[in-house]
Amino acid sequence: MSNGREHAAPLELHLLLGAPEETVREAAWEKLIAAHTRLLLAAARSFGDGHDEVMNRYSYILEKCRESNFRRLRTFDGSSGASFSTWLTVIARRLCLDYERTRYGRYPAGAKASGNSDRAVRRTLVDSIALELDIDRIEAPDTDSQETALVHAERTATLRAVLSGLTPREQLLLALRFEDDLPAVRIASILGLPTPFHVYRQMNGVLAKLRVALVSRGIDGPGD
Amino acid sequence: MSEPSSEGLKHLTDADVAAYLDRGLSAVRRDRIEGHLAGCAECRLEVLEAQQLVKRVRPFRRAPVWAGSMAAAAAVALLVAKLGSGPGRLPEITTPVRADGGTSQLVVYGPTGEGMPAHRVSFVWGAAAAALTYRLTVTASDEAPVWSRSGPDTAVVLPDSIVLSPGRRYVWVADALLADGGTRSTGMREFMPGR
């Protein structure tokens with residue numbers, strides 16, 4: 001399927017997958033690995049240092065890439081929109097995760113990354129946005145009357161409906177900021193925006209859009 | 001990761017993640033993937049972590065040449081005018097390049113790449129018409145802030161108090177605020193002072 005930009009597979013991959021003879025295939029495999037050793041080692045190291053463990057993961061990546069006549073490598077599709085190096089990086093990382101899971105039955109502490117610890121307490125998007133838009137200052141339902149609980153539920157449902165009307169990119173922007181609590185510089189990097197300023201500007205635009213939508217549905221602030 | 005891919009939207013495949021990180025998707029497919037990411041914390045985490053790794057292993061990329069020799073000569077003239085002609089003060093100059101991205105952006109003169117001195121690094125970019133002010137931000141590759149400054153100049157030298165670590169990667173970006181409220185940017189530029 002052609003989905004966007006096309007990337008050519010590296011020559012070594014063509015040679016490897018098209019080689020009619022074992023000797024040619026082995027030579028192409030060695031060249032392919034030599035060209036991407038740094039990438040594969042970085043993936044292996046990203047799950048923790050310790051020479052033996054890194055080398056075990058590295059070996060596992062190579063073994064799995066060779067498996068079933070290079071079945072994994074054959075799935076690279078230059079028309080999918082990914083370059084081979086990025087694709088291989090993601091694949092290598094996935095294989096390291098599999099290795100850890102196979103070996104330990106779970107991801108070792110710290111291996112599954114920074115993101116988990118940064119976001120140990122994940123907030124729900126609706127609650128965070130309600131706070132940001134200042135529309136949910138009514139008292140908590142469990143300490144107040146049935147009527148208050150009803151108002152709270154209605155506002156939550158309205159906000160959820162309004163959020164679903166945003167574009168996928170706008171929803172992702174809000175999720176990265178309010179659910180994942182990421183800094184603007186990181187959000188810019190994920191969304192491909194040139195600077196954090198672009199994040200702030202888009203964020204302000206989305207929040208303004210949400211406010212307008214909420215007002216049009218009769219919600220315009222705390223205690224409404 | 002679990003199949004099927006973005007079409008079934010159970011979870012993103014590795015190919016989806018890679019294509020998203022490479023910005024190689026059609027608008028329709030990008031929308032599908034971003035729609036999935038907005039509602040799937042697990043896949044967002046995958047994308048975030050994969051991106052960190054990709055950034056770590058990606059070699060420095062030399063941006064495509066944007067301007068010809070006339071522009072390069074103009075850049076040198078600009079630098080001399082801005083920084084003076086002392087031999088120790090001229091920055092590392094690479095070929096001027098356009099920032100990535102489709103909209104009108106600021107031309108980048110440097111630094112990019114590796115090997116420049118770790119102190120008194122000079123940041124130089126092209127002027128934008130009707131720019132009111134520029135903001136330069138320098139961060140370490142782990143996003144730790146290093147230095148920032150706002151002002152009218154398009155050439156700025158790091159003060160003596162800021163000494164970068166040789167062999168460490170840094171990112172800089174200059175943004176222009178225009179009179180009509182718009183902005184222009186160099187985009188994020190990576191560099192690494194020499195050891």
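The coordinates are above.
Residues numbered from 1 in each chain as written. Chains lettered and ligands numbered in written order. Predicted model: local features only at pLDDT ≥ 70, side-chain atom pairs only at ≥ 80, totals over all residues. Heavy atoms only, no water.

Undergrad: In this structure, what is going on with the packing of aromatic side chains? I would like to understand it.
TA: All names here are of chain A. Inspection of every chain in the model, using the stated rule, returns 10 aromatic pairs over all chains. Between the aromatic rings of W29 and F70, the centroid separation amounts to 5.3 Å while the plane-to-plane angle is 45°, which identifies the pairing as tilted. With W29 in helix α2 (residues 22–45) and F70 in helix α3 (residues 51–74), this pair connects stretches of sequence that are 41 residues apart. Taken individually, W29 and F70 each receive the classification buried, so the pair is uniform in this respect. Their ring planes at 35° and their centres at 5.8 Å tell us that F84 and W87 sit as a pair that is tilted. Linking F84 with W87, this pair stays in helix α4 (residues 84–104), spanning three residues, or about one helical turn. The class of F84 is buried, set by a relative accessible area of 4%. Owing to a relative accessible area of 3%, W87 belongs among the buried residues under this scheme. Note that R177 overlies the ring of F178, its terminal NZ or CZ placed 5.5 Å from the centroid. (Phe/Tyr/Trp six-rings, centres within 6.5 Å; stacked < 30°, edge-to-face > 60°. Helix = DSSP H or I, 4+ residues; strand = E, 2+ residues; numbered from the N terminus. Buried < 20%, exposed > 50% of the residue type's maximum accessible area, 1.4 Å probe, protein only. Lys NZ or Arg CZ within 6 Å of the ring centre and 35° of its normal.)

Undergrad: Honestly, the interface of chain A and chain B in this entry has me stumped. Any pointers?
TA: Buried accessible area, meaning the area lost when the parts come together, often serves as the stated size of an interface. Between chain A and chain B, the residue contacts involve 51 residues of the former and 50 residues of the latter. Summed over both partners, the interface of chain A with chain B buries about 4200 Å², with 54% contributed by carbon and sulfur atoms. When the buried surface of chain A facing chain B is broken down by residue, A:R94, A:R186 and A:I190 rank first, second and third, together holding 14% of it. The tally of links between chain A and chain B comes to seven salt bridges. Its salt-bridge partner being B:E46, residue A:R93 comes within 2.7 Å of it at the nearest N-O pair. The tally of links from chain A across to chain B stands at 16 residue pairs in polar contact (both at pLDDT 80 or more). Among the elements that take part in the side of chain A that touches chain B, α4(A) stands out by supplying eight residues, more than any other. Across the side of chain A that touches chain B, the residue classes tally to 23 nonpolar, 16 polar and 12 charged. (Contact = heavy atoms within 4.5 Å. Buried area = accessible area lost by both parts, 1.4 Å probe. Salt bridge = Lys/Arg side-chain N within 4 Å of Asp/Glu carboxyl O. Polar contact = N/O pair within 3.5 Å; in protein donor to acceptor, adjacent residues only side chain to side chain. Nonpolar A, V, L, I, M, F, W, Y, C, P; charged D, E, K, R; others polar.)

Undergrad: What is the right way to read the pairing of strand β4 (residues 122–125) of chain B from this model?
TA: Two faces, one strand: in a regular strand the side chains alternate between the faces of the sheet. All names here are of chain B. Residues S122 and V124 line one face of β4 and the alternating positions F123 and W125 line the opposite face, and both faces are buried. In this sheet, β4 lies alongside strand β2 (residues 107–110) in antiparallel orientation, the contact comprising two bridges. Within β4, the position partnered with G110 by the bridge is V124. Across three bridges, β4 lies against strand β7 (residues 155–157) in antiparallel orientation. (Pairing = 2+ DSSP bridges.)

Undergrad: Looking at this model, I keep getting lost on the pattern of salt bridges. Mind explaining?
TA: Where charged atoms of side chains with opposite charge meet at close range, the side chains can pair. Applying the stated criterion to the full structure yields 20 salt bridges over all chains. The closest approach of N and O atoms between B:E49 and A:R93, which form a salt bridge, is 2.5 Å. You can see B:E49 sitting in helix α3 (residues 41–57) and its partner A:R93 sitting in helix α4, one on each of two chains. In this pair, the class of B:E49 matches that of A:R93, namely buried. Here A:R101 makes a salt bridge to A:D98, at a shortest N to O gap of 2.9 Å. Taken as a pair, A:R101 and A:D98 lie in helix α4 at a separation of three residues, close to a single helical turn. On the basis of relative accessibility, which here comes to 38%, the residue A:R101 falls in the partly exposed class. By relative accessible area, A:D98 is classed as buried at 18%. Because the salt bridges share partners, they merge into one network encompassing A:R93, A:R94, B:D14, B:E46 and B:E49.

Undergrad: It is not clear to me how unusual backbone geometry should be interpreted in this structure. Could you clarify?
TA: A negative phi holds for most residues other than glycine; trans holds for most peptide bonds. Of note, the bond from B:G110 into B:P111 is cis; its omega dihedral lies within 30 degrees of zero at 10°. Its location among the elements puts B:P111 in the loop between β2 and β3 (113–114). Within the chain, A:F70 stands out as a residue other than glycine whose phi angle is a positive 60°.

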